[in-house]
Structures are given as structure tokens and as C-alpha cells.
Amino acid sequence: MVAVSTIEEWPAAGRPFTVAELDRMPDDGRRYELLDGVLVVSPRPTTVHQLVATRLAALLVSACPGELCVVAEPAVMLSELTEFDPDLVVVRMDEVGGAKFTKPPGLVVEVRSPSTALIDLNHKKTAYEQFGVPSYWVVVPDRWKPGLLVFEAFDGRYEEVAHAVGDQIFTAVRPFAVEVVPFRLLAGLPMD
């Protein structure tokens, strides 16, 4: 692998970024994603964000049937101009092995960050819908009012099927049966 600076990776003026250019970005702790040729750079997630993602991953893994698996922070390439790094995905076991997923996962989960809230609920949601992801969850890791927004595709369009807040139970059917209580994802954290 050759180390390059971020500036070396900028495309020529007026030309969008491609996934090939994204693959050459430096590993500097930031999250680099691509949305319709536009580079989206996010800071490293907070430890609260990571704790919530880890707890949800553990919950999903415990309920996951053998032909499926839960993968944390994979690259999901939607096109040559769009690639995301969601917090969690559920895919078929036989799709694991490459550098990135190129087929729609059965479930994509984003843990919302202040810097990505609008992107997660608008641009990414639309992109995942168009890519054919059947279930899209957005976790809101607010210590006082944690939540889970659940979108499922019906006839190719997402509909919000649940909005669980606090100690409300969301019982998923897709991609498999599991119960999620938003408050439990943050349990034990100080309320400062």
C-alpha cells in the first residue's frame, strides 16, 4: 500500500470523486464516504456512538440465523460514485469475503451522530432505498431520549414502520426476529 496525502487524491476540478479514488484515501482516523461523487468526511465516532453500535451488534448477533451474519463498519459500494461505511449491516454469510459489499444488505444500521444526522435521514436513506436495501434503521443515541427509527421497503419505497423511544420495545421481523429497546443500548451511562 502506498501512503498518499488527501490533496493527492482530489479529482480534477469539475469531476466527481470515484470509489477508486476513495479507496486510496489515507487511513487517518476519519470516516470517508462517497455520495454521488461528493466526498463526505466525518470525524471518528464518539465512545457513546461506538458503545451503542457494539451493544446493538451483540443483540443482533445473538438472534441472527446461521445463514446470515452481522458485520460492523463495512464498506458498502452502491455505485462507482457512492460508497458508505454504515455502523452495522446484516448480509448473507455467502457474501462475506471481499473488501466491500456490492449487493444490498438485508439490513443497514446507522447510529446517528450530530455531524451526520441530516445525511443519515435524507441522502443515505434515499440512496439505500434506491439500492434495494429492504430494512434501514437509524439509532438515536441520546442519553435522555434514545430512539430507533425503522424504515422498511414496500414496493421499492421506504415507509417508517416504527419509532421506538426510551423503554419502548421494537420487535423486528426483518431480516429476522429480534427485540430492541433503545434505552438498553445506553444503560449504565452517566446522565451528565
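Nothing here was measured: the structure is a model prediction, and the numbers come from that model. (Residues numbered from 1 in each chain as written. Predicted model: local features only at pLDDT ≥ 70, side-chain atom pairs only at ≥ 80, totals over all residues. Heavy atoms only, no water.)

## Considering the nonpolar core
Core analysis: the biggest nonpolar cluster contains 27 residues, and Leu56, Leu60, Trp137, Val139 and Phe170 have the highest contact counts within it. Among the nonpolar cores identified, the runner-up in size contains 22 residues, and Cys69, Val91, Phe101 and Ala127 belong to it. (Core = buried A, V, L, I, M, F, W, Y, C linked by side-chain atoms within 4.5 Å. Buried < 20%, exposed > 50% of the residue type's maximum accessible area, 1.4 Å probe, protein only.)

## Observations regarding the packing of aromatic side chains
Within this structure, the stated rule accounts for six aromatic pairs. Pairing Tyr136 with Tyr158 gives two aromatic rings, centres 6.2 Å apart and planes at 15°, and the pair type is stacked. With Tyr136 in strand S8 (residues 135-140) and Tyr158 in strand S10 (residues 157-165), this residue pair connects regions lying 22 residues apart in the sequence. For Tyr136, a relative accessible area of 0% translates into the label buried. (Phe/Tyr/Trp six-rings, centres within 6.5 Å; stacked < 30°, edge-to-face > 60°. Helix = DSSP H or I, 4+ residues; strand = E, 2+ residues; numbered from the N terminus.)

## Here we look at the confidence of the model for the chain
The predicted model of the chain has a mean per-residue pLDDT of 92, with 93% of residues at 70 or higher. Long-range and interchain partners of residues 1-5, a stretch whose pLDDT sits below 50, account for three contacts in this model, where long-range means more than four residues apart. (pLDDT = per-residue confidence, 0-100. Contact = heavy atoms within 4.5 Å.)

## Description of unusual backbone geometry
Omega for the bond connecting Arg174 with Pro175 falls within 30 degrees of zero, at -10°, which places this linkage in the cis form. Despite not being glycine, Glu73 has its phi angle at roughly 50°, a positive value. Considering the arrangement of structural elements, one finds Glu73 in the loop between strand S3 (68-72) and strand S4 (76-79). Residue Glu73 is classed as partly exposed on the basis of its relative accessible area, which comes to 47%.

## Things to note about the layout of surface pockets
For the largest pocket, the calculated volume is near 540 Å³. Taken together, 20 residues form the lining of the largest pocket, with Asp27, Arg30, Arg31, Tyr32 and Asp85 sitting closest to its centre. Across the lining of the largest pocket, the residue classes break down as nine nonpolar, two polar and nine charged. Of the volumes computed, that of the second largest pocket is approximately 200 Å³. Tallied by class, the residues present in the lining of the second largest pocket amount to four nonpolar, three polar and three charged. (1 Å grid on protein atoms, 1.4 Å probe; cavity = no way out; pocket = protein on both sides within 12 Å on 5 of 7 lines; lining within 4 Å. Points joined across faces, edges and corners; volume = space filled by probe spheres on them. Nonpolar A, V, L, I, M, F, W, Y, C, P; charged D, E, K, R; others polar.)

## Concerning the side chain of Ser42
One can find Ser42 in strand S2 (residues 38-42). Ser42 gets classed as buried once you look at its relative accessible area, which sits at 8%. Sequence-distant contacts of Ser42, that is, excluding residues within four places in its chain, are made with Arg30, Arg31 and Thr116.

## Regarding the pattern of salt bridges
Applying the stated criterion to the full structure yields 13 salt bridges. When the shortest N-O distance is used, the salt bridge between Glu95 and Arg92 registers 3.0 Å. Look at Arg92 and you get partly exposed, because its relative accessible area is 40%. Asp120 is the salt-bridge partner of Lys124, the closest N and O atoms lying 3.7 Å from each other. Taken together, the residues Lys124 and Asp120, both in helix H3 (residues 117-131) and four residues apart, mark about one turn of the helix. On the basis of relative accessibility, which here comes to 1%, the residue Asp120 falls in the buried class. Through salt bridges with shared partners, a single ionic network connects Glu33, Glu110, Asp120 and Lys124. (Salt bridge = Lys/Arg side-chain N within 4 Å of Asp/Glu carboxyl O.)

## Digging into the pairing of S8
Looking along a regular strand, one sees the side chains alternate between the two faces of the sheet. Counting buried positions along S8 gives six out of six residues, so the element sits mostly inside the fold. Two strands pair when backbone bridges link them, and strand S7 (residues 107-111) and S8 are joined in this way by five bridges, in the parallel orientation. When the bridges of S8 are listed, Val108 appears paired with Tyr136. Assessed by its sense of winding, the connection that carries the chain from S7 through H3 to S8 is right-handed. Of the pairings in the sheet, the one linking S8 to strand S9 (residues 147-154) comprises six bridges and is antiparallel in character. Bridge pairing in S9 places Tyr136 opposite Phe151. Where S8 hands over to S9, the hairpin turn is made up of six residues, counted between the paired strands. (Pairing = 2+ DSSP bridges. Right-handed = clockwise from strand over helix to strand, strands pointing away.)

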